[in-house]
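An overview of the molecular structure
Okay, here's what each chain looks like letter by letter:
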Amino acid sequence: MRSAVKLLVLTGLAALVLSACSPPAGPVGGGFSSRVSEDLSGEYAPTAPVTVGGQALEGLYLGHADDFAAFERGERVPGFAPVMLMLGGERVLPTAYRVTDETVNFEGQAGRMAVRLEARIDLDALAEARRTLGDDSPVLSGTLRVGGEQAAVAFSRASGG
């Protein structure tokens, strides 16, 4: 009995050590999913210049709920996705995403570098930006990771979708 308990403890410790050595799971965990009831569609511009991993962030695009649904059913148009980042002069398409009324979690690839965006949506600020036709007030904010670098980012609503 004592050796069984010791084996159980050692197995648990080994699992902890191995999990500490593994890279953390991404914000999305693979696949494409959305639960969007609000109209988030539009183009979003960084509120301040941001360069991460040598790449300048130029913007974020979010499509309509129908765009998300079609993409998730496998109806794909080359060069288009319902969520895309504009980074370093190129459109970064998702390899995975999870978008809700509260969050945008995006994974993609820019050249050989992994790209991850984890952002929260301020629905009140977005509604105000729609009413006033936008200003530079942030409506999304979070963290952008490109390769091994990361930076805080904030986006204002640049135009409707």
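Scroll up a little and you will see the structure.
Sequence order as written defines the numbering, with residues in each chain counted from 1. Reporting in this predicted model follows two pLDDT cut-offs: at least 70 for local features of residues, and 80 or more for side-chain atom pairs to be given and counted; totals over whole chains, interfaces and linings ignore these cut-offs and use all residues. Neither water nor hydrogens contribute to the side-chain values; these are computed over all heavy atoms in the structure.

A separate point is the pattern of salt bridges. The term salt bridge refers to a side-chain nitrogen of Lys or Arg lying within 4 Å of a carboxyl oxygen of Asp or Glu. Across all of its chains, the model carries five salt bridges by this definition. A salt bridge links Arg131 to Glu128; the shortest N-O distance between them is 2.7 Å. Remark: Glu128 and Arg131 occur in helix H3 (residues 123-131); sequence separation between them is three residues, near one turn of the helix. Only protein chains enter the area calculation, which uses a 1.4 Å probe; residues under 20% of their type maximum are buried, those over 50% are exposed, and those in between are partly exposed. Since its relative accessible area comes to 59%, Arg131 is described here as exposed. Each helix is a run of H or I in the DSSP string that is no shorter than four residues. Each strand is a run of E no shorter than two, and both are numbered from the N terminus.

By the secondary structure assignment, Thr103 is in strand S8 (residues 103-110). In this analysis, two residues are considered to be in contact whenever any of their non-hydrogen atoms come within 4.5 Å of each other. In this structure Thr103 touches Arg98, Ala119, Arg120 and Ile121, once residues within four positions along its chain are discounted.

The subject of this paragraph is the nonpolar core. Only buried residues count toward a nonpolar core. Its members are Ala, Val, Leu, Ile, Met, Phe, Trp, Tyr and Cys residues joined through side-chain atoms within 4.5 Å. Tyr44, Leu60, Leu85, Leu117, Leu140, Leu144 and Phe155 are the most contacted members of the largest nonpolar core, which totals 34 residues. Those residues in contact with Leu144 that sit more than four places away from it in its chain are Val52, Leu57, Leu85, Leu87, Val115, Arg116, Leu117, Glu149, Gln150, Ala151 and Val153.

Glancing now at the packing of aromatic side chains. The geometry of an aromatic ring pair comes down to the distance between the two centres and the angle between the two planes. Planes of paired rings set the category: under 30 degrees apart is stacked, over 60 is edge-to-face and the rest tilted, where pairs are Phe, Tyr or Trp rings (Trp by its six-membered ring) whose centres lie within 6.5 Å. Under the criterion given, the structure shown has five aromatic pairs. Measuring from centroid to centroid gives 5.9 Å for Tyr61 and Phe80, while their planes differ by 65 degrees, and the two rings are edge-to-face. Of this pair, Tyr61 sits in strand S4 (residues 55-62) while Phe80 sits in the loop between helix H2 (65-72) and strand S5 (83-87), and the two are 19 residues apart along the sequence. On the basis of relative accessibility, which here comes to 16%, the residue Tyr61 falls in the buried class. On the accessibility criterion, Phe80 (28% relative accessible area) is partly exposed. Of the aromatic side chains, those joined through ring pairs into one cluster are Phe32, Phe68, Phe71 and Tyr97. Geometrically, a lysine NZ or arginine CZ counts as sitting over a ring once it is within 6 Å of the ring centre and also within 35 degrees of the ring normal. We note Arg76 situated over the ring of Phe71; from NZ or CZ to the ring centre the distance is 3.9 Å.

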